[in-house]
Amino acid sequence: MKRFIALSWKGNVAPSGVLFIGMLLVSFGLVGCGGKLGKIETSAVDTAIADAESAITAAEVADAPTLASDLFESAKVNLESAKTAVDNKKGSDALRLAYQATADATLARTNSINITKNSELNASVLQKAAEAESLRETVNSKKEELAGLRSEIQDIQKDGEQLRKTVRNLQKENHELGDTRAAYGDQVAQLSETLGEIQGRARKAETEIRSYGREVAELRRKLEVADRMVKEEGYQKRAVIAEIDSLKRQLREQAQIYTEKLTEANQQNAGAKHAEYLKQKAQEARAYVASQPPLHPAKTGRISLSAEQITAGKMALSNWERAWYANNLNGHLAYYEPNIIADRVVIRESKEHRSKVDLQQLEADLHQMSTHAWNKAKADTEVEGESVIGIHRLTRLAMPAADENATALYNIWIREIWMHQVGNDWRIHHESWQIYENVPNF
């Protein structure tokens, strides 16, 4: 009988069976044996308590106090209760409690091991998911880089097409210039021949024009006085140019009346002299303009906008222009960037007066300009880089002609507006003004 009672749980018995075996052993002890603890052998109780302590130690190693705390605490409580029963000589209670402690500890260890394995599996799953997400992010990043490269390739192709178009245009212009140059050469040769003929005829017709000498001399005197006045600055210079045109017209009319031969030749000589003078002044003007700082950013002919963007920019320019002619100055000013710096050039009496103005001064100038009635003379649109450019020419009568032989003078206002896209809106980031005061309407 002692051999059965001394059995310890060391095999692969299910935790729920441990309690059953213990209770069975208790029954055997009660039926057939005597001992120091009632009818239970002390060795059997000691073995059961030792097995419970081993099971609790194994559960503690498996981290049961944390992962299966209820079962682990129950095992410890049952073990202490078994030891108390031993002290009280209650063998059957001690044996039952010891086996209950072994069963609780074994079940706590099993649950802890399962929880640990599940945690490890979950950690592995999370790690694999993180690795998969990292791979997806890498793939998406590569897709974005590929899309960026494709966009750059498209931009390069567009630039190449634009350059080819520019080269074709330049070649066409060069060809046209060559044709024009040849045509001008033929015209010069014809004019030289005609001039020689006129001069020859003029010598023959000298006797025919002596009777009209006084009138021609008076016209020439007026022409000489006008030529001297041309050298002066300011308004007088422009008025005299107009007077020169009038005198030349009269001279030609007198020449046709008096003699078509010699007077025509003289008119050619006077025209050549005036043309030379105008050519010289044009050269001086171009040299002066070239020496001044640019009024707007350099134009390269390259375009970075799509067709849809160009259409939207032109629409914004049209709205900006309509606001001006509708005298809606607030709506007109709403298209300007707050930090804009505009170039303002006033040409007065053949002298330029340049200044740079901020948005506040620009607003004040626009208020001043809006007090006059301006007529729209011309409007053009260009595209440069990321900007849509509007060139607007406005005129207003400054001094009407005194008579049919005088020339009316105007104020001419040329506005060049550079507008680019800011978010979903279009804003003016640069503007230049050229204001010509009291000039013929060129």
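Preceding this paragraph is the structure being described.
Per chain, residue numbering runs from 1 following the sequence as it is written. Only residues with pLDDT of at least 70 are given local features in this predicted model, and only at 80 or more are side-chain atom pairs given and counted; all residues enter the totals for whole chains, interfaces and linings. Heavy atoms throughout the structure, all of them, feed into the side-chain values; hydrogens and water do not.

*Asks:* I would appreciate a short explanation of the packing of helix H3 (residues 42-61) against helix H5 (residues 69-87) in the present structure.
*Replies:* Between two packed helices, both the angle of their axes relative to each other and the distance between the axes serve to describe the pair. Where helices are involved, their axes are fitted lines through C-alpha atoms of the stretch in contact, as for all axes, and angles between N-to-C directions lie from 0 to 180°. A run of H or I in DSSP counts as a helix once it spans at least four residues, and a run of E counts as a strand once it spans at least two, with each numbered from the N terminus. Running from N to C, H3 and H5 cross one another at 160 degrees; their axes reach a closest spacing of 10 Å. The angle between the axes of H3 and H5 places the two elements in the roughly antiparallel class. For the crossing formed where H3 meets H5, the hand is left-handed. For the pair H3 and H5, contact is made by Val 45, Ile 49, Ala 52, Glu 53, Ile 56, Ala 59 and Glu 60 and by Phe 72, Ala 75, Lys 76, Leu 79, Ala 82, Lys 83 and Val 86, respectively. Each residue is assigned to one of three groups, with Ala, Val, Leu, Ile, Met, Phe, Trp, Tyr, Cys and Pro labelled nonpolar, Asp, Glu, Lys and Arg labelled charged, and all others, Gly among them, labelled polar. Grouping the constituent residues of the contact of H3 with H5 by class yields ten nonpolar, no polar and four charged. What sets the label is the angle itself: under 35 degrees gives roughly parallel, over 145 gives roughly antiparallel, 65 to 115 gives roughly perpendicular, and the rest give oblique. Crossings are assigned a handedness: left-handed for a near helix turned anticlockwise from the far helix by less than a right angle, right-handed for a clockwise turn. Whether two residues are in contact is decided by their heavy atoms, any of which lying within 4.5 Å being enough.

*Asks:* Which parts of the structure should I look at to understand the pairing of strand S4 (residues 387-399)?
*Replies:* Successive residues of a regular strand alternate their side chains across the two faces of the sheet. Whether two strands pair depends on DSSP finding at least two bridges between them. Note that strand S3 (residues 375-384) and S4 share nine bridges and pair antiparallel. Paired with Glu 384 across the strands is Ser 387, a residue of S4. Counting the residues that bridge the hairpin from S3 to S4 gives two residues, and of these Gly 385 lies at a positive phi of roughly 60 degrees. Sheet analysis places S4 next to strand S5 (residues 409-422), joined by twelve bridges and oriented antiparallel.

*Asks:* I tried to follow the side chain of Asp 104 on my own but got confused; where do I start?
*Replies:* Mapped onto the elements, Asp 104 comes out in helix H6 (residues 91-204). In this structure Asp 104 touches Leu 71, Ser 74, Ala 75 and Asn 78, once residues within four positions along its chain are discounted.

*Asks:* How should I be thinking about the packing of aromatic side chains in this particular structure?
*Replies:* The geometry of an aromatic ring pair is captured by two quantities: the separation of the ring centres and the angle between the planes. Stacked, edge-to-face and tilted are the three classes for Phe, Tyr and Trp ring pairs, Trp counted by its six-membered ring, which pair at centre distances within 6.5 Å; planes under 30 degrees apart are stacked, over 60 edge-to-face, the rest tilted. This structure, assessed with the given rule, holds three aromatic pairs. When the ring of Trp 324 is compared with that of Trp 413, the centres are 5.5 Å apart and the planes differ by 80 degrees; the resulting orientation is edge-to-face. Of this pair, Trp 324 sits in helix H10 (residues 307-325) while Trp 413 sits in strand S5, placing them 89 residues apart in sequence. A relative accessible area of 10% places Trp 324 in the buried class. Ring-pair connections join several aromatic residues into one group, and the members of that group are Trp 324, Trp 374, Trp 413 and Trp 433. Positioned over the ring face of Trp 374 is Arg 396, at 5.3 Å from the centre of the ring. In this scheme, Lys NZ or Arg CZ marks a charge over a ring once it lies within 6 Å of the ring centre and within 35 degrees of the ring normal. Between the NZ or CZ atom of Arg 415 and the centre of the ring of Trp 324, over which it lies, the distance is 5.4 Å. Only protein chains enter the accessibility calculation, which uses a 1.4 Å probe. A residue is then buried if its area is under 20% of the maximum for its type, exposed if over 50%, and partly exposed in between.

*Asks:* Could you clarify how one ought to interpret helix H12 (residues 359-369) in this entry?
*Replies:* When we look at burial in H12, the residues that qualify are Leu 362, Asp 365, Leu 366 and Met 369. The buried residues of H12 all sit within an arc of 100 degrees when viewed along its axis, so they share a single face. Elements that come into contact with the buried residues of H12 comprise H10, helix H11 (329-333), strand S1 (342-348), strand S2 (351-357), S5 and strand S6 (425-439). As used here, the arc is the angular range of directions from the helix axis to the C-beta atoms.

*Asks:* Please explain the sheet that holds S1 as it appears in this structure.
*Replies:* Two modes of strand pairing occur in sheets, parallel and antiparallel, and in both the strands are linked by backbone hydrogen bonds. Read from one edge to the other, the open sheet built from six strands follows the order S2-S1-S6-S5-S4-S3, with strand pairing classed as mixed. Each edge of the open sheet carries a strand with a single partner, namely S2 and S3. For this sheet the average axis-to-axis angle between neighbouring strands, irrespective of direction, equals 15 degrees. Relative to S6, S5 is paired through twelve bridges, and the arrangement is antiparallel. Among the inter-strand pairings, His 420 is bridged to a residue of S6, identified as Arg 427. In the packing of H10 onto the sheet, contacts are made with S3, S4, S5 and S6, and the angle to S4 comes to roughly 25 degrees.

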